[in-house]
Amino acid sequence: MPNEHDDAKRELRHSFALRVTAAAGGMISTFLLTVIVVRTLDPRDTAAFFAILAALSIGSSVGRLGLGPNVIRLIPAEDDHEAKRVIAGTHLRATVLLTLLSAPVVSLGATVGLIGHGDFVLCFVLTTVMITIETVRMMLSDIFAAVGRVRASVGTMHYLRSVLTVPVVGLVAILSTRPTLVTLLTAYAAVAGTQLAVALWLARDNATLSGSRGLGAVSMAIDSGARLFSLDLTAFALVSGTIWIANAAFSPVTATHYSAAATIAMQVTILESLAALAVTPPAARLWTAGRKHEVVRLLSNLATVNVAVTVIIIGALAALGGVALQLAYGAEMRSASILLVVIACGGIFQAAFGVNISLLIICGRIREVSRTAVVILVIALPISVAAAFFWGPMALAISSAAGVAALSIAEWLTARRCLDEAPRPHIHLVRAVRELASRSTLAPDDEKSEPAPNQPN
């Protein structure tokens, strides 16, 4: 159909703009939440609250086990509305099953520091409930993205949850005579539960549990999702996981410097991550319609813009990172700016070739993308451990950046081997921006005159 490419680009622009806006609000709200917690609770409860926040992120990933990308892959390929509802319901049921099993385990890890204190049981229960709510809501966000409901998908992301939580938790902290960790967690859980209730109501036409398939279909969904989870695990180990390695290998001061650098470096690729979330559903619909060359061209243009933005951000970090770290954390943190730039450089390769992961998932090459990720993990993780213990923080930073680069390039090579074309960035930045921003498809003559992304320009 002649307008499918236009619709895909329109959905991409709309989704990306909303996600960037939500991400900005979410990051600011998270910062404000940390300020409220630090100024309200004692050090023990503050540390526990931060551990619980981290558990929400880790727990929702474990609870979904790659089911989100899988549902985004499957639903656009299905024409029948009722069949889409069944697919969504099957994945939602699988998510509930997995999170009921995994949430208590993750919750225990987050609240282990409270064992022996009177509020441990309540905090454990509240954290388990919050992780379960977070996981199911994030699954609904993926379902909304898969069916093209962009506003509903963005509205059920964790960024909006952060925006909604801050005023409520702040009000509770102000009005309570002596606010406690349990008090703030209860307020947090109440907001999250309300958001989930609204999400379930919105999803009534997009998912059905009564018509979803039996345990066999749930098992198949979990199997496919588990393969994609290996990709999430590898991505986590290559950057975030090195923070754990730093805490084990370095002194507290050095580990703090490295952790701050790695945490900030991860934000360099947030636009690439948001772009991947925005582009996958419309690209999947184009691929299903047989317009494969247009998908590759769309992803190549997106990679080109991602690289340009990433290089600009890293350049700014190289020029101003030391001053920014000093102003934010103190003069002793200025030296971490070198680590920050080194780790962030891996993001250039992720921006350039990360779109191939989305393409491999779209076309159903789950086994291939998973196998490549596992191979990189098996090689990169021991190297990072050895680099930290034998050569120090700079070696760990280099190994982290090299691991991200290796994963991105390896997935691109996998796409080249499995598919006729594999997207990659090109030198025509202005053209890429113009085509992504344009409201019309390429003219047939333009399509014929353009070289394939894997051919020399």
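Residues numbered from 1 in each chain as written. Predicted model: local features only at pLDDT ≥ 70, side-chain atom pairs only at ≥ 80, totals over all residues. Heavy atoms only, no water.

**Q** Is there a simple way to think about the packing of helix α10 (residues 240-249) against helix α16 (residues 366-391) in this case?
**A** Helix packing geometry: the angle between the two helix axes and the distance between the axes. Interhelical geometry of α10 versus α16 gives an angle of 30° and a closest axis separation of 9 Å. Our pair here, α10 against α16, has a crossing hand that is right-handed. Judged by residue contacts, T242, I245, A248 and A249 of α10 engage L381, S384, V385, A388 and F389 from α16. Split into classes, the residues belonging to the contact of α10 with α16 amount to seven nonpolar, two polar and no charged. (Axes fitted to C-alpha atoms, helices over the stretch in contact; angles between N-to-C directions. Helix = DSSP H or I, 4+ residues; strand = E, 2+ residues; numbered from the N terminus. Left-handed = near helix turned anticlockwise from the far one by under 90°. Contact = heavy atoms within 4.5 Å. Nonpolar A, V, L, I, M, F, W, Y, C, P; charged D, E, K, R; others polar.)

**Q** For this particular structure, what's the right way to read a nonpolar patch on the surface?
**A** Taken together, the side chains of V374, V375, V378, I379 and I383 make up a nonpolar region of the molecular surface, amounting to roughly 420 Å² of accessible area. Secondary-structure assignment places V375 in helix α16. (Patch = residues over 30% accessible without salt bridge, like charges linked within 9 Å, V, L, I, M, F, W, Y side chains within 5 Å. Areas by Shrake-Rupley, 256 points an atom, 1.4 Å probe, with all protein chains shown as cover. Salt bridge = Lys/Arg side-chain N within 4 Å of Asp/Glu carboxyl O.)

**Q** Can you walk me through the environment of S153 in this structure?
**A** For S153, the location among the structural elements is in helix α6 (residues 150-155). Look at S153 and you get buried, because its relative accessible area is 1%. For the pair S153 and L140, spaced 13 residues apart in the sequence, the C-alpha separation amounts to 7.5 Å. (Buried < 20%, exposed > 50% of the residue type's maximum accessible area, 1.4 Å probe, protein only.)

**Q** Explain the packing of aromatic side chains here, please?
**A** Any aromatic ring pair is given by two values, namely how distant the centres are and how the planes are angled relative to each other. Evaluated as defined, the whole model comprises four aromatic pairs. Centre to centre, the rings of F390 and W391 are 5.9 Å apart; their planes meet at 55°, and the pair counts as tilted. The pair F390 / W391 is uniform in exposure class, with both members exposed. (Phe/Tyr/Trp six-rings, centres within 6.5 Å; stacked < 30°, edge-to-face > 60°.)

**Q** Honestly, the confidence of the model for the protein in this entry has me stumped. Any pointers?
**A** In low-pLDDT segments, the atomic positions of the prediction should not be examined closely. Model confidence for the protein is summarised by a mean pLDDT of 81, while 88% of its residues fall at 70 or above. Per-element confidence in the protein is highest for helix α17 (residues 393-418), whose mean pLDDT is 93, and lowest for helix α19 (residues 444-449), whose mean pLDDT is 40. Per-residue pLDDT stays below 50 along residues 440-457; that stretch engages in 32 contacts with residues further than four places along the chain or on separate chains. (pLDDT = per-residue confidence, 0-100.)

**Q** What is the right way to look at helix α5 (residues 120-146) in this model?
**A** Within an α-helix, residues lying three or four positions from one another point in the same direction, as the helix has 3.6 residues per turn. The terminal C-alpha atoms of α5 lie 39 Å apart, and with 27 residues this matches the ideal 39 Å at 1.5 Å per residue to within 8%. Taken across its 27 residues, α5 has 22 buried, putting it largely inside the fold. Of the residues trailing α5, G148 is marked for its positive phi of about 90°. (Expected span 1.5 Å × (residues − 1).)

**Q** Quick question: what am I supposed to make of the nonpolar core here?
**A** Proteins that are soluble and globular tend to have nonpolar side chains buried together. Core analysis: the biggest nonpolar cluster contains 40 residues, and V295 and L359 have the highest contact counts within it. Of all the secondary structure elements, the ones that give two or more residues to this core are α9 (215-238), α12 (270-288), α13 (292-329), α14 (336-353), α15 (355-362), α16 and α17. Here this core takes seven residues from α13, the largest share from any one element. Setting aside chain neighbours within four positions, we find L359 in contact with W287, V295, V296, L299, L419, E421 and P423. (Core = buried A, V, L, I, M, F, W, Y, C linked by side-chain atoms within 4.5 Å.)

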